[in-house]
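Structure assessment
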Amino acid sequence: MNDEPMTMLDSERDRIFGDWLAGHKGILFKVVHAYAFEHADRQDLFQEIVIQVWRSVDAFRGESSVPTWIYRVALNTAIAWTRKEDRHQRGKQPLAVVEGLLTTSSSDGRDPRVEWLYRQIANLKDVDRSVALLLLDGFSYKEIAAIVGVTESNVGVKINRIKSALAGKRAEEAES
Amino acid sequence: MNLEDLMEVWRSQDASPLHGANDTLLRLALRREEAKLRAQRRRERWMTYFWSAGMVAGMAFFLAIMIYPDDDDVLTGWDYAIPIVGAAAALLWARAIYVRHRAQAVREQSFGESLRDQINRQLAQLDYRATRARLASLLGYALLPIVCAMAIILASWRINDRPFSDAGLLRPILFMIVWIALTVGADFWWQRRLVQRDLLPRKRRLEALLTELDAP
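Computed from a predicted structure; not experimentally measured.

Counting residues at the interface gives 69 residues for chain A and 46 residues for chain B. Note on chain A versus chain B: buried area summed over both sides is about 5300 Å², and carbon and sulfur give 59% of it. Counting across the chain A and chain B interface gives one salt bridge. Among the salt bridges present, the one from Lys30(A) reaches Asp14(B), with a minimum N-O distance of 3.0 Å.

Written as structure tokens, this is what we have:
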């Protein structure tokens, strides 16, 4: 027998998810690019994030904006995913990855400094990486604190450290 | 280059994203996930129903045989009480599993959605899994099935018109005790191994992440 028939809730969830994806797909791409570095890993992480965002539709109560919610789910999934890496290496794939789900766009016309930024973000610790992504996408200290679950003052300290690291790297590269 | 410049560079990728997604494959992945979720929920539900129904049906069968004896054996009130106690233990077991899972679900839902809450939720899940590696918890979990098994042995014994004073009764009881001890022992060993090899390292990584969150 096939699965149970789809309920109204399922179709409603699919509709909401479709709207979210149409409007905020870029967030998922950014998180995937910042946390996974090989094509196969990016496919895996993208699929995992998509599924978690889709599952999270039911839990969304509108207390935060949709981009904030999607960022929150995507970052949580990405950080959990990086901790699963050793399991992946032992051949225990949690998901059957659908090949070709994520495509890589041509870099024509793209500012090369975007890749530079990603390289610098990749050198940060997991939590600082999340803070950096949110900072660059214009989230306030308060929003970042709520998403990550730390105090605003702690966010301030982390951001100062990230800024110093980026400025230091920029200066170092300018000298050489 | 100041932060404003960096943000402008960052935003430039919105017009020219690094990646794209195949919508057809995306839908396929979601349908697959949906089917997997439904199958998992259905399997868990039916397993509980199946085992409880099986136990209760078995006890009802024994009771029916006792109520409609085909000979003139005298059955006492204790003989009738045995399958009733067994069935009650089976129902209680199913109920205990449900309550335990429900309490854990409520506990997990009590966390929010921030990264810190997610980490704490995962720690709660790991702690829940780890309880199965404690011998006292495992024995507590096995207690009601032991009562059921004992009821089955005693009811079968009485249906075959054999008195409790018959020394032969010790054999199936001893067999059951050895069987349960082996099963519980093997499960305990397996769970301890799982905790040491998988859960504890995961827990340490989560705790390190919490420390990283709090670090200035």
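Once the structure has been displayed, the description carries forward.
To continue, consider the nonpolar core. Counting 74 residues, the largest nonpolar core has Leu28(A), Val31(A), Tyr35(A), Phe46(A), Leu133(A), Ile144(A) and Val148(A) as the members making the most contacts within it. If we ignore the near neighbours within four places in the chain, the residues touching Phe46(A) are Leu28(A), Phe29(A), Val32(A), Leu101(A), Leu102(A), Ala21(B) and Leu26(B). Counting 18 residues, the second largest nonpolar core, distinct from the first, contains Met66(B), Ala155(B), Leu169(B) and Ile180(B).

All chains considered together, the criterion is met by two cavities of 30 Å³ or more. Counted as a void, the largest cavity has a volume near 40 Å³. For the largest cavity, the full set of lining residues is Arg100(B), Arg132(B), Ser137(B), Leu138(B) and Tyr141(B). Of all the elements, helix 5 (residues 135-159) of chain B adds the most residues to the lining of the largest cavity, at three residues. Its residues assigned to classes, the lining of the largest cavity comprises two nonpolar, one polar and two charged. A volume near 30 Å³ is recorded for the second largest cavity. Considering the residues around the second largest cavity, the lining is formed by Asn76(A), Ile79(A), Ala80(A), Arg83(A), Leu115(B), Gln118(B), Ile119(B), Gln122(B) and Leu209(B). Those elements that place two or more of their residues in the lining of the second largest cavity are helix 3 (66-83) of chain A together with helix 4 (115-130) of chain B. Its residues placed into classes, the lining of the second largest cavity shows five nonpolar, three polar and one charged.

What follows covers the pattern of salt bridges. Residue and element names in this part refer to chain A. Summed over the entire model, instances satisfying the criterion amount to 13 salt bridges over all chains. The shortest N-O distance in the salt bridge between Arg13 and Asp58 comes to 3.0 Å. Taken together, the positions of Arg13 in helix 1 (residues 8-35) and Asp58 in the loop between helix 2 (39-56) and helix 3 put the pair 45 residues apart, joining distant regions of the chain. Where Arg113 meets Asp111, a salt bridge forms, and the shortest distance between an N and an O atom there is 2.8 Å. Owing to a relative accessible area of 33%, Arg113 belongs among the partly exposed residues under this scheme. Three or more residues joined by partner-sharing salt bridges are found here, namely Glu12, Arg15 and Asp19.

On to helix 3 of chain A, then. Side chains of residues three or four places apart in an α-helix project in the same direction, reflecting 3.6 residues per turn. If you check helix 3 of chain A, its first and last C-alpha atoms are 26 Å apart, about what 18 residues at 1.5 Å a residue would give, namely 26 Å. When you tally the buried positions in helix 3 of chain A, you get 16 out of 18 residues, the bulk of the element.

We now examine the packing of helix 6 (residues 126-136) of chain A against helix 7 (residues 141-148) of chain A. Residues and elements named next belong to chain A. Direction vectors running N to C along helix 6 and helix 7 enclose 145°, while the axes themselves pass 10 Å from each other. When the axes of helix 6 and helix 7 are compared, the crossing they make is right-handed. In contact with Val127, Val131, Leu134 and Leu135 of helix 6, helix 7 contributes Ile144, Ile147 and Val148. Within the contact of helix 6 with helix 7, the residues separate by chemical class into seven nonpolar, no polar and no charged.

Attention now goes to the environment of Ser140(A). Turning to its location among the elements, Ser140(A) is positioned in the loop between helix 6 and helix 7. Remark: the alpha-carbon pair of Ser140(A) and Glu152(A), spanning twelve residues in sequence, is separated by 9.5 Å.

Right, let's get into a nonpolar patch on the surface. A surface patch of nonpolar side chains, about 360 Å² in accessible area, is lined by Met47(B), Phe50(B) and Trp51(B). Structurally, Phe50(B) is set in helix 2 (residues 23-67).

All names here are of chain B. By volume, the second largest pocket is sized at about 390 Å³. Considering the residues around the second largest pocket, the lining is formed by 17 residues, among which Trp93, Tyr141, Ala142, Pro145 and Thr183 are closest to the centre. Within the residue set of the lining of the second largest pocket, elements represented by two or more residues are helix 5 and helix 6 (170-214). It is helix 5 that provides the largest number of residues to the lining of the second largest pocket, a total of eight residues. When its residues are assigned to classes, the lining of the second largest pocket shows 14 nonpolar, one polar and two charged.

We now examine the confidence of the model for chain B. Residue and element names in this part refer to chain B. For chain B, the average pLDDT comes to 82, and 95% of its residues sit at 70 or higher. Of all secondary-structure elements in chain B, the lowest mean pLDDT belongs to helix 2, at 77, while helix 6 reaches the highest, 86. The ipTM assigned to the predicted complex is 0.79, against a pTM of 0.69.

The subject of this paragraph is the packing of aromatic side chains. What the rule picks out here adds up to six aromatic pairs over all chains. Measuring from ring centre to ring centre gives 5.2 Å for Trp20(A) and Phe60(A), while their planes differ by 85°; the resulting arrangement is edge-to-face. Highlighted residues: Trp20(A) in helix 1 and Phe60(A) in the loop between helix 2 and helix 3, separated in sequence by 40 residues. Each ring, one from Tyr118(A) and one from Trp10(B), has its centre 4.9 Å from the other, and the planes form 45°; the classification is tilted.

What counts as what
- Residues numbered from 1 in each chain as written.
- Chains lettered and ligands numbered in written order.
- Predicted model: local features only at pLDDT ≥ 70, side-chain atom pairs only at ≥ 80, totals over all residues.
- Heavy atoms only, no water.
- Contact = heavy atoms within 4.5 Å.
- Buried area = accessible area lost by both parts, 1.4 Å probe.
- Salt bridge = Lys/Arg side-chain N within 4 Å of Asp/Glu carboxyl O.
- Core = buried A, V, L, I, M, F, W, Y, C linked by side-chain atoms within 4.5 Å.
- Buried < 20%, exposed > 50% of the residue type's maximum accessible area, 1.4 Å probe, protein only.
- 1 Å grid on protein atoms, 1.4 Å probe; cavity = no way out; pocket = protein on both sides within 12 Å on 5 of 7 lines; lining within 4 Å.
- Points joined across faces, edges and corners; volume = space filled by probe spheres on them.
- Helix = DSSP H or I, 4+ residues; strand = E, 2+ residues; numbered from the N terminus.
- Nonpolar A, V, L, I, M, F, W, Y, C, P; charged D, E, K, R; others polar.
- Expected span 1.5 Å × (residues − 1).
- Axes fitted to C-alpha atoms, helices over the stretch in contact; angles between N-to-C directions.
- Left-handed = near helix turned anticlockwise from the far one by under 90°.
- Patch = residues over 30% accessible without salt bridge, like charges linked within 9 Å, V, L, I, M, F, W, Y side chains within 5 Å.
- Areas by Shrake-Rupley, 256 points an atom, 1.4 Å probe, with all protein chains shown as cover.
- pLDDT = per-residue confidence, 0-100.
- Phe/Tyr/Trp six-rings, centres within 6.5 Å; stacked < 30°, edge-to-face > 60°.

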